[in-house]
Amino acid sequence: METTTTTILAIETSCDETSAAVVRAERPVGAGTRSGAPPRIEVLSNVVSSQVAVHAEFGGVVPEVASRAHLEMLEPVVGQALADAGLAFDPLGTGTGRRPAIDAVAATRGPGLIGALLVGVSSAKALALAWDVPYVGVNHMEGHLFATFLERPDIGLPLVVLLVSGGHTMIVKVDEPGRYRILGSTVDDAAGEAFDKVARYLGLGYPGGPIIDALSAEGDPAAIRFPRGMLDDGLDFSFSGMKTAVINYVRRHPDATNPDLAASFQEAVVDVLVTKVLRAAKRHRAAAVALGGGVAANSRLRQRFAQAAAEAGLDHLVPSRAYCTDNAAMIAAAAHWRLAHDGATGLDAGADPSLRLATI
Ligand code: KG4
Ligand code: ZN
């Protein structure tokens, strides 16, 4: 079968990671672009520069500091991504007389921090103009969904994905790429936000998720029975009360140890997340389930999710940690599909900090 190859450079700067990736996709010539199958994708490079150290001294992401750090890091990160993919960084295509073999330039256009998004979006548009190739604006949450297809383009559909990050917590049903339904979401804090707030309260540092994850290994998850927010109610989540329960417990039990508090809080959050994603899969007759977003890097969530999915006899994916936290490879994967399906994004489409996932 005759195939056509497209290579996309994607940029991700929605929050506190500066990332660039070069991703190649192959698809049959003449295949209907409405076909449901996700493209077969090869990640040629995926460079992520984390700003965690820059924000740690403030105890959280400071938007102005993030924008400035993206400005400083973007050019070296893009240069490294092109070099790792065996391509030269030649912004104006003049040095070698040829522009790099890139067919489109993509960037996350929302949701996220507006100043941070603008750095990636403006740079991607500038490169697209200089190289005379299409620009593709990508929804960050659609990027997290496409992380699944990077590793499992053959995963069963409909697919139910638990997307858990610092800014979002939702259960999404993916009938096929581009056809999404949000089955549940948080009514207050995002799951990652709850990890970060509890860690801050316990004086453990920032970002809280990985710290609580590591500390939990030394604690007893059954030491304290924290409430499981909205466990019996449908598919929505509430984490704010669980965070308050930790604070109240520490006030009443000043001798409670951090490892026990961390392990018990993590267990409560994981209990709710795993119960609800499997409930959603069953209720909506999913063929497969997957995790996505930064909190999907959590060891206990990965372990309990895999076990529960296997027990339910469901095809499932626990993605590599590098594809859970923010990265440009997932943005490139979504951009490949969007470019084939919708064509290029107009250069007049700006960054949108509250961009919503297009649902059916
Ligand atoms: O997806 P992401 O990198 O950025 C957003 O789009 O928000 O997610 C970041 C969030 C933070 O709240 C961080 O604490 C959490 O993911 N996180 C974790 C772990 N690693 C990152 N939460 C729990 N356990 C982890 N191992
Ligand atoms: Zn994210």
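Quantities reported herein were computed from a predicted structural model and do not represent experimental measurements. Residue positions within a chain follow its written sequence, with the count starting from 1. Labels follow written order: the first chain is A, the first ligand is 1, and so on. Per-residue local features are limited, in this predicted model, to residues with pLDDT of at least 70; the limit for side-chain atom pairs, both in listing and counting, is 80 or more; totals at the level of whole chains, interfaces and linings are taken over all residues. For the side-chain quantities, the full set of heavy atoms in the structure was used; hydrogens and water were omitted.

### Some details on the site of ligand 1
Close to ligand 1 lie 18 residues, the nearest being Gly-166, Asp-196, Asp-213, Gly-294 and Asn-298. For this analysis, a polar contact is any N or O atom pair within 3.5 Å, provided that within protein one partner can donate a hydrogen and the other can accept it, and provided that sequence-adjacent residues contribute only side-chain to side-chain pairs. One of the side-chain N or O atoms of Asp-326 is found 3.1 Å from an oxygen atom in ligand 1. Its free accessible area being 560 Å², ligand 1 has 90% of it covered by the protein chains. Secondary structure elements with two or more residues in the shell around ligand 1: helix H4 (140–151), helix H5 (191–201) and helix H6 (208–216). One heavy atom within 4 Å of a molecule or strand makes the whole residue count as near it. Only the protein chains shown count as cover for residues, and the accessible areas themselves come from Shrake-Rupley with a 1.4 Å probe. Numbering goes from the N terminus for both helices and strands, where a helix is a DSSP run of H or I of at least four residues and a strand is a run of E of at least two.

### Focus on the domain arrangement of the chain
What counts as a domain boundary in this text is fixed by an automatic or database domain assignment. By domain assignment, the chain separates into domain 1 (3–144 + 326–342) and domain 2 (156–323). Once you take the C-alpha centre of each, domain 1 and domain 2 turn out to be 28 Å apart. Contacts between the two partners involve 22 residues from domain 1 and, on the opposite side, 13 residues from domain 2. Simply put, the buried area is the total loss of 1.4 Å probe accessible area from both parts when two parts are fitted together. The junction of domain 1 with domain 2 conceals about 1300 Å² of combined surface from both sides, 63% of it contributed by carbon and sulfur atoms. Here a salt bridge means any side-chain nitrogen of Lys or Arg lying within 4 Å of a carboxyl oxygen belonging to Asp or Glu. At the boundary of domain 1 and domain 2, one finds 0 salt bridges. When contributions to the side of domain 1 that touches domain 2 are tallied by element, the ones reaching two or more residues are strand S3 (40–50), helix H1 (52–56), H4 and helix H11 (328–342). Residue contributions to the side of domain 1 that touches domain 2 peak at 4 residues, all from H11. The nonpolar class holds Ala, Val, Leu, Ile, Met, Phe, Trp, Tyr, Cys and Pro. Asp, Glu, Lys and Arg form the charged class, and all remaining residues, Gly among them, are polar. Its residues assigned to classes, the side of domain 1 that touches domain 2 shows 11 nonpolar, 7 polar and 4 charged. The contact criterion used is simple: two residues touch if any of their non-hydrogen atoms lie within 4.5 Å.

### A look at the sheet that holds strand S4 (residues 104–110)
Here the rule is simple: two strands pair whenever DSSP picks up at least two bridges between them. Overall, mixed pairing links the 5 strands, which are arranged S3-S2-S1-S4-S5 in an open sheet. The outermost strands of the open sheet, each flanked by one partner alone, are S3 and strand S5 (135–139). Looking at each pair of strands side by side, their axes are set apart by 25° on average, direction ignored. Together, strand S1 (3–12), strand S2 (17–28) and S3 form the strand contacts of helix H2 (residues 63–84), whose direction differs from that of S2 by roughly 35°. Lying over the sheet, helix H3 (residues 114–131) contacts S1, S4 and S5, oriented at roughly 160° with respect to S4. The axes are straight lines fitted to the C-alpha atoms, using for helices just the contacting stretch, and the angles between their N-to-C directions are given from 0 to 180°.

### Points about the packing of aromatic side chains
When two rings of Phe, Tyr or Trp (its six-membered ring) have centres within 6.5 Å they constitute a pair, described as stacked for plane angles under 30 degrees, edge-to-face for angles over 60, and tilted for the intermediate range. Applying the stated criterion across every chain yields a total of 5 aromatic pairs. A centroid spacing of 5.8 Å and a plane angle of 80° characterise the contact between Phe-226 and Tyr-249, whose relative ring orientation is edge-to-face. With Phe-226 in the loop between H6 and helix H7 (240–252) and Tyr-249 in helix H7, this residue pair connects regions lying 23 residues apart in the sequence. Ring geometry for Phe-237 and Phe-239: centres 5.8 Å apart, planes at 15°, overall stacked. A single burial state applies to Phe-237 and to Phe-239, both of which are buried. Within the aromatic cluster, the residues linked to one another by ring pairs are Phe-146, Phe-149 and Trp-337. Look at NZ for Lys and CZ for Arg. If either is within 6 Å of the ring centre and within 35 degrees of the ring normal, a charge sits over the ring. In this structure, Lys-276 is placed above the aromatic ring of Phe-237, and the distance from its NZ or CZ to the ring centre is 5.8 Å. Throughout, exposure labels follow a simple rule: accessible area from a 1.4 Å probe, protein chains only, divided by the maximum for the residue type, with under 20% read as buried, over 50% as exposed, and the rest as partly exposed.

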